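Coordinate inspection notes
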Amino acid sequence: MTQLPLTGIRVVDLGQYIAAPGAGQQLADLGAEVIKVESLTGDQARSVGSFGEAMLHANNRGKRSIAVDLRRPDGFQIVDELCAESDVLLHNFRHGSADRLGIGPEQARSRHPHLVYGFVTGFGTRGPSAGRAGLDIAAQAEFGVMHTTGDADGEPQRVGFTIADVLAANALATGVLAALVRRGRTGDGALVETSLMEAVVAAQAAQWTNYRLTGEAPRRTGNGQPAVAPAADLVRTVDGAVVVSAYTETKWAALCSAIGRPELAADPRFADNRSRVAHRAELKEVLSSALGHLTRAEAIALLASRGIVCGSVRSFDELVKDPDLSASGLVVELEELGIDAPAAPFRVDAAARGRTSAAPRLGQHTRDVLRELGRGDDEIDRLADDGVIGEPQHPRGMET
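Small disclaimer: the values here were computed from a predicted structure and weren't measured. (Residues numbered from 1 in each chain as written. Predicted model: local features only at pLDDT ≥ 70, side-chain atom pairs only at ≥ 80, totals over all residues. Heavy atoms only, no water.)

Below, the discussion takes up the overall build of the chain. Broken down by element type, the chain carries 17 helices and 12 strands. C-alpha atoms of the chain, sized along the principal axes, occupy 85 × 45 × 45 Å. When contacts within the chain are restricted to residue pairs at least 6 apart in sequence, those whose partners lie at least 24 apart make up 67%. When the accessible surface of the chain is summed, it comes to about 20,000 Å², and 53% of that surface belongs to carbon and sulfur atoms. Looking at charge distribution, the chain has the averaged site of its 42 positive side-chain charges lying 4 Å from that of its 52 negative ones. (Helix = DSSP H or I, 4+ residues; strand = E, 2+ residues; numbered from the N terminus. Contact = heavy atoms within 4.5 Å. Areas by Shrake-Rupley, 256 points an atom, 1.4 Å probe, with all protein chains shown as cover. Lys, Arg positive; Asp, Glu negative; His and termini not counted. Charge placed at Lys NZ, Arg CZ, Asp CG, Glu CD.)

Shown next as structure tokens:
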């Protein structure tokens, strides 16, 4: 069996919701042992209904959970000892909260210089909004995403999933991996920080650069891309819709041929990209007339056979049955729940993704981890009686 790249790496994950736990999940999927350190009431995702449960299991597969009151000296000592024997610390506390708990970047790294310390904030740590609470929707609103999403004459729209959180999780995991590579050479730990703000703005680098080059600010345009056509344009069929992109001259000619209208390639309205953008409404009418009598499957088969980029607009009910997705092995079974979920979107050395455990119950592994730290059962009982640690009580990892 192929050994995963991070086998032997231990991660202390103090995160909640998605951004930091999502980074920890990527490290776990690469083979790291991830210990999820929770308060006695648990990751806040545990208390926000069914979608909170979904977030919990999506971002905490295969981790171990200990429940500790960090505000108590004995609780702080447990986490500090755990950091001493770990390689990475992750959190997404509001800026300043970790310092108040005694585990801020400078505090933790002064005690544990080997540690790769990674964290996510909402708005960064240097500007006037550093202390603000930051959730995904605030980042989408304030950093351009909502302003450019939706119909041109409609209201701003959020992206349909927590894109800022996911991008920040990816950014944090990337930074931590780079820091671990450097530590392998030098032995030195590192401070890795990102924010929802930085992750979202960086993801829009092309839009930002286009704005700087042209002076034209991005705006809502609905489907389709404002500078090229047809590009991500939506076309209705008899059973739904497809999207079509064929904006290079070669692909445009191929599209004209595919729909039986080769003369359109020389039509003055559509002869080059600038003309097609100017006449986008007429272009969409042509495509609707040509494809509207087909099913989505028929339209995709026709266009794909000519090398034209296209896609069927599908629901999750259809997505979960997709044969390409099934063949990829991305979706894995969560053993305790009898459901499946996406795993890491990469393979290393073609290693197969297998079954995985669901998110742990709150405090499920508290005793095991404390024993590994050298604590005896009598001391663990005392810590539990004193309310310093918590032990599992609820099934499926959720508070009732």
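And the narrative resumes.
A residue-level look at the chain finds 98% of positions with pLDDT of 70 or above and a mean pLDDT of 94. Note on residues 394–400: pLDDT under 50 across the span, and 21 contacts to partners over four residues away in sequence or across chains. (pLDDT = per-residue confidence, 0-100.)

It is worth spelling out a nonpolar patch on the surface at this point. There is a patch of nonpolar side chains on the surface, built from Phe-316, Leu-319 and Val-320 and spanning about 330 Å² of accessible area. Relative to the helices and strands, Leu-319 resides in helix α14 (residues 316–319). On the basis of relative accessibility, which here comes to 30%, the residue Leu-319 falls in the partly exposed class. (Patch = residues over 30% accessible without salt bridge, like charges linked within 9 Å, V, L, I, M, F, W, Y side chains within 5 Å. Salt bridge = Lys/Arg side-chain N within 4 Å of Asp/Glu carboxyl O. Buried < 20%, exposed > 50% of the residue type's maximum accessible area, 1.4 Å probe, protein only.)

We now examine the packing of aromatic side chains. Where two aromatic rings form a pair, the distance of their centres and the angle of their planes describe that pair. Evaluation of the coordinates by the stated rule reveals 3 aromatic pairs. Taken together, a centroid distance of 6.0 Å and an interplanar angle of 75° make the contact between Tyr-117 and Phe-119 edge-to-face. Given a relative accessible area of 6%, Phe-119 falls into the buried group. Aromatic pair Trp-252 and Phe-270: ring centres 6.0 Å apart, planes at 70°, arrangement edge-to-face. Here Trp-252, found in helix α10 (residues 249–258), pairs with Phe-270, found in the loop between α10 and α11 (273–278); they are 18 residues apart in sequence, far enough to count as distant. Judged by relative accessible area, Phe-270 falls into the buried class, the value being 0%. (Phe/Tyr/Trp six-rings, centres within 6.5 Å; stacked < 30°, edge-to-face > 60°.)

With that settled, consider the pairing of strand β5 (residues 116–121). With 6 of its 6 residues buried, β5 lies for the most part within the structure. Residues Val-116, Gly-118 and Val-120 line one face of β5 and the alternating positions Tyr-117, Phe-119 and Thr-121 line the opposite face, and both faces are buried. Bridge count for strand β4 (residues 88–91) against β5 is 4 bridges, and the pairing is parallel. What sits directly across from Val-88, in β5, is Val-116. Relative to strand β6 (residues 190–195), β5 is paired through 6 bridges, and the arrangement is parallel. If you follow Tyr-117 over to β6, its bridge partner there is Leu-191. (Pairing = 2+ DSSP bridges.)

This next bit is on the nonpolar core. Ranked by internal contacts, the top residues of the largest apolar core, which has 32 residues, are Val-11, Leu-27, Val-88, Leu-90 and Val-176. The dominant element in this core, judged by the number of residues it contributes, is helix α7 (residues 163–186), at 7 residues. Once residues lying within four places of it in the same chain are set aside, the contact partners of Val-11 are Leu-27, Ala-32, Glu-33, Val-34, Ile-35, Val-88 and Leu-90. One finds Ile-66, Ile-78, Leu-89 and Leu-373 within the second-largest nonpolar core, a separate group that totals 27 residues. (Core = buried A, V, L, I, M, F, W, Y, C linked by side-chain atoms within 4.5 Å.)

To summarise the sheet geometry, strands pair through backbone hydrogen bonds and adopt either a parallel or an antiparallel arrangement. One open sheet holds the 7 strands; their spatial order is β6-β5-β4-β1-β2-β3-β12, and the pairing between them is mixed. Unpaired on one side and paired on the other, β6 and β12 (389–390) mark the two borders of the sheet. Bridge count for strand β1 (residues 10–13) against strand β2 (residues 33–38) is 4 bridges, and the pairing is parallel. Looking at β2, one finds that Arg-10 is bridged to Glu-33. Of the strands in this sheet, β1, β2, β4 and β5 are in contact with helix α1 (residues 19–29), which crosses β4 at around 145°. (Axes fitted to C-alpha atoms, helices over the stretch in contact; angles between N-to-C directions.)

Quick look at the pattern of salt bridges now. Inspection of every chain in the model, using the stated rule, returns 31 salt bridges. One salt bridge connects Glu-33 with Arg-64, and the closest N-O pair in it is separated by 2.5 Å. A residue pair is termed long-range when its members are at least 10 positions apart, and Glu-33 in strand β2 and Arg-64 in strand β3 (residues 64–68) qualify at 31 residues. Between Arg-382 and Glu-379 there is a salt bridge; the shortest N-O distance is 4.0 Å.

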